Amino acid sequence: MVQPTRALGDTKPKARLAVWKFTSCDGCQLSLLDCEDELLQLADCVEIAYFMEASSNPSPGPYDLSLVEGSITTADEARRIREIRAQSRVLVTIGACATAGGIQALRNFANVEDFIAAVYAHPDYIDTLKTSTPISAHVAVDFELHGCPINKRQLLEVISAYLHRRPPQVPAHSVCIECKMRGNVCIWIAHGTPCMGPVTHAGCGAICPAYSRGCYGCYGPKENPNTASLCHWWQRELGAEKAVVIENLRNFNAAAPDFEAESRRQEGDDGQK
């Protein structure tokens with residue numbers, strides 16, 4: 001919950017918040033709008049200076065806190081993120097696209113020209129980069145909030161933390177811990193279902209395992225994930241095909257370094273230990 005940062009009658013200027021969009025689906029911005037009552041309280045604490053998803057009346061920088069959704073997929077976006085960084089005291093990336101390139105980072109494993117030719121009637125009209133990369137590949141980032149989409153309560157914690165100039169308190173543990181807290185039976189142990197939970201960052205509340213479906217890693221890699229061990233057990237003990245392993249590593253967070261490195265290793269490895 002965001003707490004007011006100013007005392008009654010305080011004339012000190014409010015902190016200025018900006019929310020930016022790059023290549024993405026808008027889902028993480030909608031998570032902020034979905035805060036409803038909390039968003040009204042936030043408006044009492046800060047000046048929402050730039051948020052085109054919510055207002056068509058933007059104010060120029062500088063900004064105390066910028067939230068950035070989306071990956072960098074064009075030269076213009078690469079230029080624009082540098083301008084935003086220069087205007088922002090603190091810059092936080094939100095969601096799988098901004099932190100790991102998003103689902104569109106699947107282009108990084110193929111020739112993007114082939115995709116363009118297959119989809120567009122006039123490929124010569126398309127101006128895009130060969131890769132989809134996270135914001136951190138282009139500018140310095142103060143904090144990354146994972147998820148597809150992000151957890152709105154975690155987002156409020158991050159905003160509150162930076163308004164009060166303290167470190168955000170966002171757990172770094174895996175989805176497995178959330179399963180235990182929720183009382184879920186482990187679907188891997190009980191049913192032999194491949195699950196990305198052991199290497200995936202917490203935040204979703206273990207929704208998929210609660211409904212007997214394996215986690216598919218939408219919150220990206222947790223702190224220090226052991227992806228090689230996970231893939232070993234999937235293949236040797238659960239009988240998962242290599243294509244299934246790679247497919248799960250190359251999902252919403254395909255360009256996350258830990259997931260990308262293991263998926264590339266799997267491509268060049270016959271899986272025999």
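Note: the structure precedes this text.
One structure accompanies this document, and this report is about it. Treat the numbers as computed from the prediction; the structure is a model and nothing was measured. (Residues numbered from 1 in each chain as written. Predicted model: local features only at pLDDT ≥ 70, side-chain atom pairs only at ≥ 80, totals over all residues. Heavy atoms only, no water.)

1. Examining the nonpolar core
- One finds Leu32 and Leu67 to be the most contacted residues of the largest nonpolar core, which totals 24 residues.
- Counting only elements with at least two residues in this core, the list comes to strand S1 (15-21), helix H1 (27-33), helix H2 (37-45), strand S2 (46-51), strand S3 (63-69), strand S4 (88-94) and helix H6 (152-163).
- Counting residues per element, this core draws most heavily on H6, which supplies six residues.
- For Leu67, the contacting residues outside a window of four places in its chain are Leu17, Ala18, Val19, Trp20, Leu32, Val92, Ile94, Leu155 and Ile159.
- Judged by nonpolar contacts, the second largest core, of 18 residues, contains Cys179, Ile187, Met196 and Phe259. (Core = buried A, V, L, I, M, F, W, Y, C linked by side-chain atoms within 4.5 Å. Buried < 20%, exposed > 50% of the residue type's maximum accessible area, 1.4 Å probe, protein only. Helix = DSSP H or I, 4+ residues; strand = E, 2+ residues; numbered from the N terminus. Contact = heavy atoms within 4.5 Å.)

2. Topic: the pairing of S1
- Extensive coverage of S1 is indicated by the burial of five of its seven residues.
- Sheet topology places S1 next to S2; five bridges connect them, and they run parallel. Directly across from Arg16, in S2, lies its bridge partner Glu47.
- Of the strand pairs in this sheet, S1 and S3 are connected by five bridges, and their pairing is parallel. Looking across to S3, one finds that Ala18 is bridged to Ser66. (Pairing = 2+ DSSP bridges.)

3. A short note on the pairing of S3
- The buried fraction of S3 is high, at six of seven residues.
- When S3 meets S4, the two strands line up parallel, connected through six bridges. Considered in S4, the bridge of Glu69 is made with Ile94.
- After leaving S3, the chain enters helix H3 (residues 75-87) and then returns to the sheet as S4, a path that is right-handed. (Right-handed = clockwise from strand over helix to strand, strands pointing away.)

4. A word on the packing of aromatic side chains
- Throughout the structure, instances matching the rule amount to three aromatic pairs.
- Centroid distance Trp20 to Tyr50: 4.1 Å. Interplanar angle 20°. Geometry classified as stacked. Highlighted residues: Trp20 in strand S1 and Tyr50 in strand S2, separated in sequence by 30 residues.
- Among the residues examined, Trp20 registers a relative accessible area of 7% and is labelled buried.
- An angle of 80° between the planes, with centres 5.6 Å apart, marks the rings of Trp20 and Tyr63 as edge-to-face. Separated by 43 residues along the polypeptide, Trp20 in strand S1 and Tyr63 in strand S3 bring together distant segments of the chain.
- Residue Tyr63 is classed as buried on the basis of its relative accessible area of 5%.
- Just above the ring of Phe22 sits the side chain of Arg80; from NZ or CZ to the centre is 4.1 Å. (Phe/Tyr/Trp six-rings, centres within 6.5 Å; stacked < 30°, edge-to-face > 60°. Lys NZ or Arg CZ within 6 Å of the ring centre and 35° of its normal.)

5. Things to note about the packing of helix H10 (residues 227-236) against helix H12 (residues 257-267)
- Where H10 meets H12, the closest approach of the two axes is 10 Å, and the angle between their N-to-C directions is 45°. One element, H10, and the other, H12, form an angle in the oblique class. When you trace H10 past H12, the crossing you get is right-handed. Side by side, H10 and H12 meet where Thr227, Ala228, Cys231 and Gln235 of the first sit next to Asp258, Phe259, Glu262, Arg265 and Gln266 of the second.
- Tallied by class, the residues present in the contact of H10 with H12 amount to three nonpolar, three polar and three charged. (Axes fitted to C-alpha atoms, helices over the stretch in contact; angles between N-to-C directions. Parallel < 35°, antiparallel > 145°, perpendicular 65-115°, else oblique. Left-handed = near helix turned anticlockwise from the far one by under 90°. Nonpolar A, V, L, I, M, F, W, Y, C, P; charged D, E, K, R; others polar.)

In short, geometric facts, not functional conclusions.
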